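What the coordinates show
These are the residues of each chain, in order.
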Amino acid sequence: MAPEYTPYLPVTTHSGFEGESPENFEQKCLCVLVVDVSASMAGEAIQQLNNGLKEFQKEVLNDFVASQRLEIALVTFGNSAQTLVQPTLANQIEMPTLVANGGTKLVDGVRTALALIEERKKWYKETGQNYYRPMTVLITDGEPDPDQDVSGLSQEVGSAIASKKTLFYSLGVKGYNHQKLAQINATPPPLPLDGYKFSEFFKWLSNSIGIITKSKEGDVLRLPSTNDWTQIQM
Amino acid sequence: MLVGEHWMYAYASVIGNSHTLDSKPCQDHCRVEHYEGFSIAVVCDGAGSCVHSDIGSKATTELAVYRFQEAISDLAWDGEKERPTLEGWKEVAKKTLLDVRNDLEEFASHEGLEFKSLSCTVIVAIRLMDALLLTHIGDGRAGYCNANDEWFPLMTPFRGKEANETVFITSDIWDAGVLDTYLESVLIQEEIKAFCLLTDGCEKASFECNLFDSEKGTFYDPNRPYKEFFHKNVTTNLPAFWSLGMTQMEINQRWAEFLTSGNARLKMEPDDKTMVLAVRKANQTISLDGATGTA
């Protein structure tokens, strides 16, 4: 399917120079949200997470450049890992309402995300598209089920970060196991969510992505303060 | 401006939206200088990751103007005694850019700055009487318009695997075995009406560089200057300002305003933007033997 080109709104200036611009598409930036929907997320946590996801989409759409560059994917993990939203530009996503139940197949969820990233990068390359380094955001309130290979995943994530395959951030929701989450990625360390401030977190994520999608390779990024949603200052 | 200069210019560097929000300085820089028989235009784009790249792009611009003025003055490429060849120009460009790189290293040492903190791309164009020379390291774009009003690219930007990855004058590219991968030099000897040099902050507004081929289902970069962006500025606007007697500074101020918000794409661009536009004056034609005539 041919991608849809979103035209820029016209402006007028009085410089005396004038010129039309061509319909160039933007380079892509993929953000994969890997979200815990285990039974422990039931109640206020999942409700606030659903609200936050919808606000995240709205915030991205408010930033014209980011909305043209950012592709969002959503992977959930409960009893199994599922890709609920394939990589899609924010204005074309129908954000699902998540329901919490089952176990915490966290490792399967992250592995699904890493595979999705590789698949999407392959597609970017095959279709001649430039892309920014993809970003994985893990959100969990618990610890992985006992059958989950955390140390194996830790190596995979470490290797993916070192080889610049993805940026990796993790967010701990009330009751999460910090030590276990830090075992998966210690740098940057997992950040605990203050209460259920998902809306504030996603607003921060949207603003951060706005900065990332306007950056150049190797830029030292000054991301917004995390004070609004975490108990720890970055 | 030299009396008898047959070209008019508009050039400016303006800060991008994201740098304004971040309170960063403009990391682009450009300069145009005229000499007897030739002019030099330089455009540099400082690396966002490097703390002093704004200083680096300014210093590189100044050093490139100085070094290329020296190099071209020493040659007799005026179209009367001798004409440049592509091979000859490639050698001059390599040697002179290496001189610029070494000068920049000396500057860094003198100022107590880390050399790589000054990283920037560089594009240099030399307008001779009957030829246009271009050399560059890194990304950005350049193009020219021939006598038939057709626009063509003058260079291919160097791109890495990820978006906006490139190389800089400070990069480890100077080994003779790999230098040709990173340093491109071009010689144009057909009659030209206009040319442009720009940093990548201007490319989406003025070049076709990421189009979709619906038959193949792929995106591609034709690297094609967009005529609708340049045409009126080349044929009407810049000549009008010139004939009204505006100073170069007044023209550049208007050009800066245009690059800042002249159309919606320029206005939304987060990156710093620099463009040099050079237009041959309408009543001047230069034949390929270098003689000046009146149309």
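Above this text sits the structure in question.
The structure presented is a predicted model; accordingly, all values stated were derived computationally and were not measured.

A few words on the sheet that holds strand β6 (residues 191-192) of chain A. Consider a sheet: its strands pair through backbone hydrogen bonds, and that pairing is either parallel or antiparallel. Residue and element names in this part refer to chain A. Strand order across the open sheet formed by 6 strands is β3-β2-β1-β4-β5-β6, with mixed pairing between neighbours. Both outer strands of the open sheet, β3 (81-89) and β6, are each paired with one neighbouring strand and no more. Bridge analysis of strand β2 (residues 70-77) against β3 gives 6 bridges, and the strand direction is antiparallel. Looking across to β3, one finds that F77 is bridged to A81.

Moving on, we get to the packing of aromatic side chains. The geometry of an aromatic ring pair comes down to the distance between the two centres and the angle between the two planes. Overall, the coordinates contain 23 aromatic pairs over all chains when judged by the stated rule. Seen from their ring centres, F229 of chain B and F258 of chain B are 5.5 Å apart, and the 40° between their planes marks the pair as tilted. Of the two residues, F229 of chain B sits in helix α6 (residues 227-243) while F258 of chain B sits in helix α7 (residues 248-261), which places them 29 residues apart along the sequence. Of the residues examined, F229 of chain B reaches a relative accessible area of 0% and is grouped as buried. The buried category is assigned to F258 of chain B, whose relative accessible area is 0%. An aromatic cluster is defined as three or more aromatic residues linked by ring pairs; in this entry it consists of F17 of chain A together with W151, F229, F230, F241, W255 and F258 of chain B.

Turning next to the packing of α6 of chain B against α7 of chain B. All names here are of chain B. Across the interface, α6 lies against α7 with an axial gap of 11 Å and an inter-helix angle of 150°. Considering their axes alone, α6 and α7 lie roughly antiparallel with respect to each other. Helix-helix and strand crossings are classified by hand; for α6 and α7 the assignment is right-handed. Only Q248, I251, R254, W255 and F258 of α7 make contact with α6, whose side of the interface consists of F229, N233, L238, F241 and W242. Of the residues assigned to the contact of α6 with α7, the class counts are 7 nonpolar, 2 polar and 1 charged.

Together, K125, K164 and K165 of chain A together with K161 of chain B line one region of the surface with positive charge. Tracing the backbone shows K165 of chain A in the loop between α4 (150-162) and β5 (167-172).

Calculation rules
Residues numbered from 1 in each chain as written. Chains lettered and ligands numbered in written order. Predicted model: local features only at pLDDT ≥ 70, side-chain atom pairs only at ≥ 80, totals over all residues. Heavy atoms only, no water. Pairing = 2+ DSSP bridges. Helix = DSSP H or I, 4+ residues; strand = E, 2+ residues; numbered from the N terminus. Phe/Tyr/Trp six-rings, centres within 6.5 Å; stacked < 30°, edge-to-face > 60°. Buried < 20%, exposed > 50% of the residue type's maximum accessible area, 1.4 Å probe, protein only. Axes fitted to C-alpha atoms, helices over the stretch in contact; angles between N-to-C directions. Parallel < 35°, antiparallel > 145°, perpendicular 65-115°, else oblique. Left-handed = near helix turned anticlockwise from the far one by under 90°. Contact = heavy atoms within 4.5 Å. Nonpolar A, V, L, I, M, F, W, Y, C, P; charged D, E, K, R; others polar. Patch = residues over 30% accessible without salt bridge, like charges linked within 9 Å, V, L, I, M, F, W, Y side chains within 5 Å. Areas by Shrake-Rupley, 256 points an atom, 1.4 Å probe, with all protein chains shown as cover. Salt bridge = Lys/Arg side-chain N within 4 Å of Asp/Glu carboxyl O. Lys, Arg positive; Asp, Glu negative; His and termini not counted. Charge placed at Lys NZ, Arg CZ, Asp CG, Glu CD.

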